[in-house]
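Fold and geometry: a report
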Amino acid sequence: MKQISLILFALLAPAAAFADVLTVQPVAAGVWAIEGPAEQRDPENLGNNATFGLIETSEGAVLVDPGGTRAGAAMLHGVVRGLTDQPVRYVINTGGQDHRWLGNGYWKEQGATVIASAAAVADQQARGSLQLTVLSQLVGNGLEGTRPSYADVVFDTDHVLDLGGRQIEIHHAGAAHTPGDSFVWLPDQRAVFTGDIVYVGRIPGVMEFSDSASWLEAFAAIEALAPLHLIPGHGPLTTLERAQADTRDYLTNLRDRMRTYIENGGDIIGSVEVDQSAFAYLGQFDSLAGRNAQAVFQQLEWD
């Protein structure tokens, strides 16, 4: 009953009801960023602590990432209804983190087709059970009804969707924050939805499943497009220059300094002291910098 109540509220409430959780930012005509809060998953945000996207066409809408839970997907739907009368026909999973795919089931019930890279689907299958366990502790009853549901259309590196006169390109240039991270490119608008390849305003999370070297290569693939509008996976609509400062430069600095530290005989225990202070302005720096250092230490040792 609680699950039904949450979803009904999300569907029937006006978009303004979600203004404290999800912020809408116009990107171009018929294109929006939908930014979730820069905080941990909780019963209020329902796992939507990331940035999503909506692309409107004359033949239906495309959603970039479905929400972090079934109720979170319904919350996103409430926002979508306030932006377009078009039904969501396609949902793109840009990676393997929970907010990139665990809302899939809700959207499939609405008739949407889900698209993801093969690497993202493999990651979702590998980590889904753990993600659900963690979410049960973080969002409580907001998790009810959330079940793993995977993409209908799976691609290896590139997929092009032509819908209502819009060309929407999806590219998996390599592993980044997660093994299957992809970005979504709108060539006519020169706008890119980066998924977890770009973090703005908060420190990137380098996890045990991340690949910091390949992450920089994926970032370079975005740079090569010279986008005018960049919608990060975390943070507000921004510029390429800001993304370079907050994500590319952070990862480059950490890898370069860690490589020198290892060459000088450093061990994993002391790796947390490698200097990252130039990026202390980024949100969640104190809680994540040490973990990132140890993850990059291990990755460089394996190189």
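Okay, so let's go over this structure. Sequence order as written defines the numbering, with residues in each chain counted from 1. Whole-chain, interface and lining totals are the exception, using all residues; otherwise, since this is a predicted model, local features are given only for residues with pLDDT of at least 70 and side-chain atom pairs are given and counted only at 80 or more. Side-chain measures were taken over the full set of non-hydrogen atoms in the model, leaving aside hydrogen atoms and water.

Points about the pairing of strand β1 (residues 23-28)
Here is the rule we go by: Each pair of strands is called paired provided DSSP finds at least two bridges between the two strands. Think of it this way: any DSSP run of H or I at least four residues long counts as a helix, any run of E at least two long counts as a strand, and we number them from the N terminus.
Across 5 bridges, β1 lies against strand β2 (residues 31-35) in antiparallel orientation. Among the inter-strand pairings, Val24 is bridged to a residue of β2, identified as Ile34.

Observations concerning the nonpolar core
Let me state the cut-off plainly: As used here, the term nonpolar core means buried Ala, Val, Leu, Ile, Met, Phe, Trp, Tyr and Cys residues forming a set that is joined through side-chain atoms within 4.5 Å. For every residue, the accessible area obtained with a 1.4 Å probe (protein chains only) is divided by the maximum for its type, and the residue is called buried under 20%, exposed over 50%, and partly exposed between those limits. By the convention used here, residues are in contact when the closest approach between their heavy atoms is within 4.5 Å.
If you look at the biggest cluster of nonpolar residues, it comprises 33 residues, and the most contacted ones within it are Ile197, Val198, Ile203, Trp215, Ile222, Leu230 and Met258. Of all elements in the fold, only β10 (183-186), α5 (212-223), α6 (240-263) and α7 (285-302) reach the threshold of two or more residues within this core. Ranked by the residues each element gives to this core, the list is headed by α7, at 8 residues. If we skip the residues at most four places from it in the chain, Leu230 touches Val192, Thr194, Val198, Ile222, Pro236, Leu237, Thr238, Thr239, Leu240 and Ala243. Of all hydrophobic cores here, the second largest spans 27 residues; its members include Trp32, Ala61, Ala74 and Ala112.

As for the side chain of Glu169
Threshold: By the counting rule applied here, Lys and Arg register as positive and Asp and Glu as negative, while His and the ends of each chain are not counted. Salt-bridge detection follows one rule: a side-chain nitrogen of Lys or Arg within 4 Å of a carboxyl oxygen of Asp or Glu. Identification of polar contacts relies on pairs of N or O atoms within 3.5 Å, with a donor-acceptor requirement for protein atoms, meaning one able to donate a hydrogen and the other able to accept it, and with residues adjacent in sequence counted only if both atoms are side-chain atoms.
Along the polypeptide, Glu169 turns up in strand β9 (residues 166-171). As a buried residue without a salt bridge, Glu169 has its nearest oppositely charged side chain in Arg190, at a separation of 12 Å. A polar contact of 2.7 Å, which involves the side chain of Glu169, links it to the side chain of Gln167. Within the structure, Glu169 has its side chain in polar contact with the side chain of His171 (distance 2.8 Å). Excluding residues that lie within four positions of it along the chain, Glu169 makes contacts with His159, Val160, Phe183, Val184, Trp185 and Pro187.

Shape is all these values report; function is a separate question.
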